[in-house]
Amino acid sequence: MTTIKDGEFTATIYKLIKECQYVEAILILNSQLQKHTKSRAALSLLAFCYYHIQDFSSAAECYEQLTQLHPEVEEYKVYYAQSLYKAGTYPEATKASFVLDNPVSHIKMVKLQACIKYCEENYSASKSLLEQLPQDDPDYIHNAGCLLYQDGKFEEACKKFSSAMQLLGYVPALSYNVALCHYSTKNYAQALKYIGEIIERGIREHPELSVGMKTEGIDVHSVGNTLVLHQSALIEAFNLKAAIEYQLKNLKGAQEALTDMPPRSEEELDPVTLHNQALVNMDTKPSEGFEKLAFLLQQPSFPPATFGNLLLLYCKHEYFDLAADVLAENAHLTYKFLSPYLYEFLDALLTCQTAPEEAFRKFEEMNGKLIEQLRKLAKQVEEARVARDDETQKKALQDYDLMQEKYIVVLMAQAKIYWNRENFHMVEKIFRKSVDVCNEDDTWKLNVAHVLFMQNKYKEAIGFYEPIVKKHYNTILNVSAVVLANLCVSYIMTSQNEEAEELMRKIEKEEEQISYDDPDKKVFHLCIVNLVIGTLYCAKGNYEFGISRVIKSLEPYNKKLGTDTWFYAKRCFLSLVENMSKQMVMLPDAVVQECIQFLEHCERYGREVPAIIEQPLEEIRIHIGKNTVTYEARLLKALFLEVIGWNK
C-alpha cells in the first residue's frame, strides 16, 4: 500500500473510488478505521466500497455501526437493510426493514420486503406487499413480471418486463428478463437477440470487463464481482447464451459463451456459472464436473437443475450406487427439485441394477401414462388445426414434441435392459410397439437400425440408416462414425459395393477438406469405417484381407492413431493372435512382417495416446506408463512374436 502525504488523504480515496479501485480504497480505509474507530466518513466510504465489490456482509457490518452511531440518518438504515438482503440473510433483513418507519422510506421498505419474500419463495406474501405500491411504479411492474414468470406465465411476464423497459429505458437486467422469458417458451432466436444487445452494450460501455479475451487466448486478470459487472447483466446473458447453445446441441458454442464472459477466478464464480461449466465440459473433464456439481449441492442455495443433473450424470456414467446415495441423503430435495416424471425415471433406472424385471414394469407403466398424454396432445393439435387457431396449435405442437422426447428417453432405457442381455429380438419388439409414436424421430430410427444390424438384418438396417445419412450428406462428418461404418458394412453384406465405395469417397473428400483447413486436426471417420470393415472380414475368418485393411486405415499414424481407433485395431490383432496360437490361422510371411511393422509404428506414435479412457471417479488408476498405446503395442508385439516362434 502506498504512503499518502498529509492533506491528500481525502483526494486519494475519492480518486480511487472514481477509478473503481475499491479494493485499494478498502485497504486504506481499514487502516484509518483502526486509528479512528468511530469515523463516520471512513465507515460510510468503506461500506460503499464493500457494496460495490459485492461483499454485502462486510457492507452490512459497516452500515450497522453507522445506524448505531447516527440513528437519526434514515439512509443508513435503508442501506443496512439492503445489504443484509443482498447478503442473503433474509430474516435479519426483514427485521431491519421494519425499523424504516419514516414516511419517506415506506415505499422502499415495502419494495424491499416484497423482494425478501420472493427470495424466501413466499410468493403470495410478496404479491400482497407489491399490491401496496402504485400500479404505474416501474418497480411494481418489474416485480409483478417476476411473480408471473415464477408462476409459469412466461408470455404475460414478458409483457410486464417490456412495459417496465418502456418506462425506464434500457436496463440490462430487464432486457435479460425478457430474454429469459423467450428462452422459457423455446423462442431461442428472440432470446439471442436480447442477449446480443446486452453483450454488445456491455463491450461498448465497459471495455474494462475484458469480454471475450479468455476465448481469444489472452491472459487477463480477474475483473472481480463488482457492482458494475452485476448491473451490466453480462454474466447472466452469457450463461443464458450457453444454455441456449447447449439445448441446440452446439457444445462448442456453449463452451465459448462461458469463456467469453468477463474473467473471474474460480472462487469468485457464481453458482449458475459453476453449474454450466460442469455441464458443458463434462465430456472432457468429467471428474471436475462431478466435483463442481457435488460442491454446489452442499451450498445453502444452488441452481434448481443441479440435483437432477448430478443424478442423471451419475447414471449416464453408470455410477448407480453414487446416484442412489445422493438420492437417499437428499430426500428432502426430491419433491422440490425433481419432477414426478424425473423421479419415476431415476427410480426405475436405479431398480435396473438389482431387479431388471421390476424396472421393466416401471418403465412400461411410465410409457403407458406418456402415451395417454401424447394422444390427448395429438387431439388438441388436430382440434386447433381444424379451428385454424395457429397460436394454440403451435403451443400444442411444442407440448407434443416435449412429451415425445420424454417418451423416447423412457423407451430407450427400457430397451437397454434387453440390449445389455444381447436379446436383440426383444429390443426390436419393443421398438416396433412404438412405431406409431416415434416413426419420425431420428433417435428412434437410429436405435432401430442398430438393433437390426446386430441381428444381421442388413437390408432392413439400410432402410433406417440411409435417411439419416442422406439428411446430413453435405455435412457428413456430423454423422457418428459408427453409423457410417455400419451402413458401409450393410452395403457390403448386401452386395451393394458401389454404394459403400461412394460413401467412403464422400467421407474421404470431407476429411481432406478439413485437413486442408486445419492440418493439425485429427478426424477419425474414414479410419473407423475401414476399421469396422476390417473387423468384419476378421470376424468372417479372412484375416489376411481384414488385418491389411486395419493396418492401412491407421495411416498416417500421427493423424489416425487415437484411443477409439486403437480399440478396434487391437481387438482384431488379439483375435488373430488367439487363432494363430490355436493353429487355426496361418499367415504368409509378408503379412506377418507387415503386422510387426504396424505394431512398431503404433509403439512409436502412441506414447501420448491413452489406451483407454478411464472412468472419472475410479479410485484405483491404471499406472500412467501402462495406459498408453505404446505399452499395449509392445505387449501385442511380444505375444505375436511368441506365437510365430521367432525365438525357436
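Residues numbered from 1 in each chain as written. Predicted model: local features only at pLDDT ≥ 70, side-chain atom pairs only at ≥ 80, totals over all residues. Heavy atoms only, no water.

A. Up close: the packing of helix α1 (residues 9-18) against helix α3 (residues 40-52). It is the contact of α1 with α3, at a shortest axis distance of 12 Å, that shows an interaxial angle of 15 degrees. Classified by the angle between their axes, α1 and α3 sit roughly parallel to one another. Seen along the crossing, α1 lies across α3 with a hand that is left-handed. Taken together, the residues of α3 that come into contact with α1 (itself represented by Ile13, Tyr14 and Ile17) are Leu45, Phe48 and Cys49. Here the residues of the contact of α1 with α3 sort into 6 nonpolar, no polar and no charged. (Axes fitted to C-alpha atoms, helices over the stretch in contact; angles between N-to-C directions. Helix = DSSP H or I, 4+ residues; strand = E, 2+ residues; numbered from the N terminus. Parallel < 35°, antiparallel > 145°, perpendicular 65-115°, else oblique. Left-handed = near helix turned anticlockwise from the far one by under 90°. Contact = heavy atoms within 4.5 Å. Nonpolar A, V, L, I, M, F, W, Y, C, P; charged D, E, K, R; others polar.)

B. Geometry of the confidence of the model for the protein. Put simply, the protein has an average pLDDT of 90, and 98% of its residues get 70 or more. Taking the mean pLDDT of every element in the protein, the minimum, 85, falls on α1 and the maximum, 96, on helix α14 (residues 234-247). (pLDDT = per-residue confidence, 0-100.)

C. Local environment of unusual backbone geometry. The omega angle of the peptide bond from Glu555 to Pro556 is -5 degrees, so this bond is cis rather than trans. Along the chain, Pro556 turns up in the loop between α31 (543-553) and α32 (557-560). Positive phi, close to 60 degrees, is recorded for Ala233, a residue that is not glycine. Inspection of the secondary structure assignment puts Ala233 in the loop between α13 (227-232) and α14. Its identity is not glycine, yet Glu422 carries a phi of approximately 60 degrees, on the positive side. Here Glu422 lies in the loop between α23 (390-420) and α24 (424-433). Using a relative accessible area of 61% as the deciding quantity, one classes Glu422 as exposed. (Buried < 20%, exposed > 50% of the residue type's maximum accessible area, 1.4 Å probe, protein only.)

D. Region of interest: the nonpolar core. Counting residues in each nonpolar core, the largest one holds 124 residues, and the members touching the most others are Trp566 and Phe598. Counting residues per element, this core draws most heavily on α23, at 11 residues. Residues within four places of Trp566 in sequence aside, it is in contact with Leu561, Phe598, Leu599, Cys602, Ala611, Val629, Glu632, Ala633 and Leu636. Of all hydrophobic cores here, the second largest spans 46 residues; its members include Leu130, Tyr188, Met261 and Val280. (Core = buried A, V, L, I, M, F, W, Y, C linked by side-chain atoms within 4.5 Å.)

E. Broad picture of helix α33 (residues 563-581). Compared with an ideal rise of 1.5 Å per residue, which puts 19 residues at 27 Å, α33 spans 27 Å between its outermost C-alpha atoms and is within 8% of the ideal. Among the residues of α33, Thr563, Thr565, Trp566, Tyr568, Ala569, Lys570, Cys572, Phe573, Leu576, Val577, Asn579 and Met580 are the ones counted as buried. Looking at the packing, one finds that the buried side of α33 touches α28 (481-493), α30 (525-539), α31, α32, α34 (589-605) and α35 (629-643). Positioned one or two residues after α33, Gln583 has a phi angle of 60 degrees, which is positive. (Expected span 1.5 Å × (residues − 1).)

F. Representation of the state of the cysteines in the model. On inspection of all chains with the given rule, the structure shows 0 disulfides. Unpaired in this structure, Cys49 has its nearest cysteine sulfur neighbour in Cys62, at a distance of 9.5 Å. No disulfide involves Cys146; its nearest neighbouring cysteine sulfur is the one of Cys115, lying 8.0 Å away. Cys146 sits in the buried class, given a relative accessible area of 18%. (Disulfide = S-S within 2.5 Å.)

G. Summary view of the packing of aromatic side chains. Going through the model one piece at a time under the given rule, you end up with 22 aromatic pairs. Arranged with centres 5.4 Å apart and planes meeting at 85 degrees, the rings of Phe360 and Tyr418 form a pair that is edge-to-face. With Phe360 in helix α22 (residues 356-386) and Tyr418 in helix α23, the pair connects residues that are 58 residues apart, well separated along the chain. A single burial state applies to Phe360 and to Tyr418, both of which are buried. (Phe/Tyr/Trp six-rings, centres within 6.5 Å; stacked < 30°, edge-to-face > 60°.)

H. Spotlight on the packing of helix α11 (residues 172-184) against helix α12 (residues 188-205). Taken N-terminus to C-terminus, the directions of α11 and α12 make an angle of 160 degrees; their axes are 7 Å apart at the nearest point. Comparing their axes, α12 and α11 come out roughly antiparallel. Judged by the twist between their axes, the crossing of α11 over α12 is left-handed. Contacts between α11 and α12 involve Pro172, Ser175, Tyr176, Val178, Ala179, His182 and Tyr183 from the former and Tyr188, Gln190, Ala191, Tyr194, Ile195, Glu197 and Ile198 from the latter. Tallied by class, the residues present in the contact of α11 with α12 amount to 10 nonpolar, 3 polar and 1 charged.

I. Layout of the pattern of salt bridges. Inspection of every chain in the model, using the stated rule, returns 30 salt bridges. Salt-bridge contacts for Glu358 lead to Arg361; the nearest nitrogen and oxygen are separated by 2.6 Å. Pair noted here: Glu358 and Arg361 are both in helix α22, with a separation of 3 residues, about one helical turn. Its salt-bridge partner being Arg432, residue Glu428 comes within 2.9 Å of it at the nearest N-O pair. (Salt bridge = Lys/Arg side-chain N within 4 Å of Asp/Glu carboxyl O.)

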